Amino acid sequence: MNRILFYITLLPLFFAHTISAAENETMLNEALPIGVIARFDDHGTGLPFDKAMELGVSVIQLKVPVAANRTEENVKKIRNTLEKHNVRLVCVVSGFAGESYKTIPIVKETVGLAPEKTRKTRFEEFKEVSDFAKRLGTASVQFHLGVVPHDTASKEYKDVVQITRDACDYVFENGQSLNLETGQETGSALLQFIRDVNRLNLHVNFDPANMILYGCGEPIEALRLVGHFVRSTHCKDARWAKQPGKEWGEEVLFGTGDVNAPLFLKTLHDFGYDGPLIIERENRESPEQQYNDILKTIEYLKQLRKNILQPKN
Ligand code: MG
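Please read these numbers as outputs of a predicted model, since none were measured by experiment.

**Examining the environment of Cys216**
Working step 1: Position of Cys216 relative to the elements: it lies in the loop between helix H9 (208-213) and helix H10 (219-226).
Working step 2: Between the C-alpha atom of Cys216 and that of Gly187, which follows or precedes it by 29 residues, the distance is 7.9 Å.
Working step 3: Those residues in contact with Cys216, other than ones at most four positions away along the chain, are Gly183, Gln184, Glu185, Thr186, Gly187 and Met211.

**Regarding the side chain of Thr267**
Working step 1: Tracing the backbone through its elements, the reader meets Thr267 in helix H11 (residues 261-270).
Working step 2: Setting aside its immediate chain neighbours within four residues, Thr267 contacts Ile220, Leu223 and Arg224.

**Regarding the coordination of the magnesium ion**
Working step 1: The coordination sphere of the magnesium ion contains the protein donors Glu181 (OE), Asp207 (OD), His234 (ND1) and Glu280 (OE), at a distance range of 1.7 to 2.3 Å.
Working step 2: Counting residues between consecutive donors of the magnesium ion along the chain gives the motif E-x25-D-x26-H-x45-E. One end of the pair, Glu181, is in strand E6 (residues 177-181); the other, Glu280, is in the loop between strand E11 (277-279) and helix H12 (287-309), with 99 residues separating them in the sequence. Assigned by exposure class, Glu181 and Glu280 land together as buried.

**Regarding the layout of surface pockets**
Working step 1: Here the largest pocket is characterised by a volume of approximately 840 Å³.
Working step 2: In terms of lining residues, the largest pocket is bounded by 32 residues, among which Thr45, Lys63, Glu99, Tyr101 and Glu282 are the most central.
Working step 3: Tallied by class, the residues present in the lining of the largest pocket amount to 12 nonpolar, 11 polar and nine charged.

**A short note on the packing of helix H6 (residues 116-135) against helix H7 (residues 155-173)**
Working step 1: Axis separation between H6 and H7 bottoms out at 10 Å; the angle between their running directions is 25°. In terms of orientation, H6 and H7 fall into the roughly parallel class. Note on packing geometry: the crossing formed by H6 with H7 is right-handed. Every residue of H7 that contacts H6 at Arg119, Phe123, Phe126, Lys127, Ser130 and Asp131 is listed here: Asp159, Val160, Ile163, Asp166, Ala167, Tyr170 and Val171.
Working step 2: Its residues assigned to classes, the contact of H6 with H7 comprises seven nonpolar, one polar and five charged.

**Observations regarding the pairing of strand E3 (residues 59-63)**
Working step 1: Burial analysis of E3 places five of its five residues in the buried class, which makes it a mostly covered element.
Working step 2: Neither face of E3 is exposed, since Val59, Gln61 and Lys63 on one face and Ile60 and Leu62 on the opposite face are all buried.
Working step 3: When strand E1 (residues 34-39) meets E3, the two strands line up parallel, connected through five bridges. In the sheet register, Arg39 faces E3, and the bridge partner there is Lys63.
Working step 4: Looking at chain direction, E3 and strand E4 (residues 88-93) are connected through five bridges and run parallel. When the sheet's bridge partners are listed, Ile60 is paired in E4 with Leu89.
Working step 5: Assessed by its sense of winding, the connection that carries the chain from E3 through helix H4 (residues 72-84) to E4 is right-handed.

**Notes on the pairing of strand E5 (residues 140-143)**
Working step 1: Where burial is concerned, the two faces of E5 agree: the one with Ser140 and Gln142 and the one with Val141 and Phe143 are both buried.
Working step 2: Pairing analysis gives two bridges linking E4 to E5, with the strands arranged parallel. Residue pairing for E5: Val92 is matched across the bridge by Val141.
Working step 3: Across four bridges, E5 lies against E6 in parallel orientation. Opposite Val141, over in E6, you have Leu178 as the bridge partner.
Working step 4: With H7 bridging E5 and the parallel E6, this β-α-β connection has right-handed handedness.

Procedures and definitions
Residues numbered from 1 in each chain as written. Predicted model: local features only at pLDDT ≥ 70, side-chain atom pairs only at ≥ 80, totals over all residues. Heavy atoms only, no water. Helix = DSSP H or I, 4+ residues; strand = E, 2+ residues; numbered from the N terminus. Contact = heavy atoms within 4.5 Å. Donors = N, O, S within 2.8 Å, 3.2 Å for Na, K, Ca; no water. Buried < 20%, exposed > 50% of the residue type's maximum accessible area, 1.4 Å probe, protein only. 1 Å grid on protein atoms, 1.4 Å probe; cavity = no way out; pocket = protein on both sides within 12 Å on 5 of 7 lines; lining within 4 Å. Points joined across faces, edges and corners; volume = space filled by probe spheres on them. Nonpolar A, V, L, I, M, F, W, Y, C, P; charged D, E, K, R; others polar. Axes fitted to C-alpha atoms, helices over the stretch in contact; angles between N-to-C directions. Parallel < 35°, antiparallel > 145°, perpendicular 65-115°, else oblique. Left-handed = near helix turned anticlockwise from the far one by under 90°. Pairing = 2+ DSSP bridges. Right-handed = clockwise from strand over helix to strand, strands pointing away.

Here it is in structure tokens:
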């Protein structure tokens, strides 16, 4: 009799450690949430905002609308729509008029805060984007800084370090972090740069395909160098160019290129990363193909995530 009573007292403990299928699904959705890049207006390569809401994803990154569209009315509209669909905004992605990704040398001349000619006026716009992100209630701003000069002793390099410090300090006042998108530097150059900027709110949005597209080294090796700084990631894939660094590689459906998607996710997980997996699909023949590729990638990521979070013994 005493033995039966003993087992009865243990029953609550047994149930406390049993996870139902529904609870398990919730846990899976909380770790490594899957999302997309959305755009509120016609600017940027993400999915249209309303289309992104149809996907049933739990997170998005929002490409910043043009200045004229950063109105209070639109802020309310975006916030209400996100709430209605139970979608979390993980960051606002900044960008600037005049940027072009046509060729690698043109990227160097036109993208981000790195080019000296446009730095001052762009920094003013960057501050407005951070303020807009604050109104949307998100704690992170993300962008392509541009190509960081390679000579770390040069004045050009020090100037880019300084403008990045200024950007970090500005977003810090808005309660935000700054996420750099990878690709235009090698992993070791990026690590050096982060250390030189020396700001605690400077983080990385790791885009493995960009490393291949720009010819900046094996993405997984780079991830192993900067993994501790990664706060979000773009699930994008690519194939190496014949002459990496001189011409573009080719962007392809996630999981079909040279990234090694399963190892990429496993490496992230080994760092303890449980942040967003944001699908980015830029080069596509039509909006329909982009949408369908994103649907395929959602299913693919769910499977990869399951394998990582529930490994078979
Ligand atoms: Mg990207």
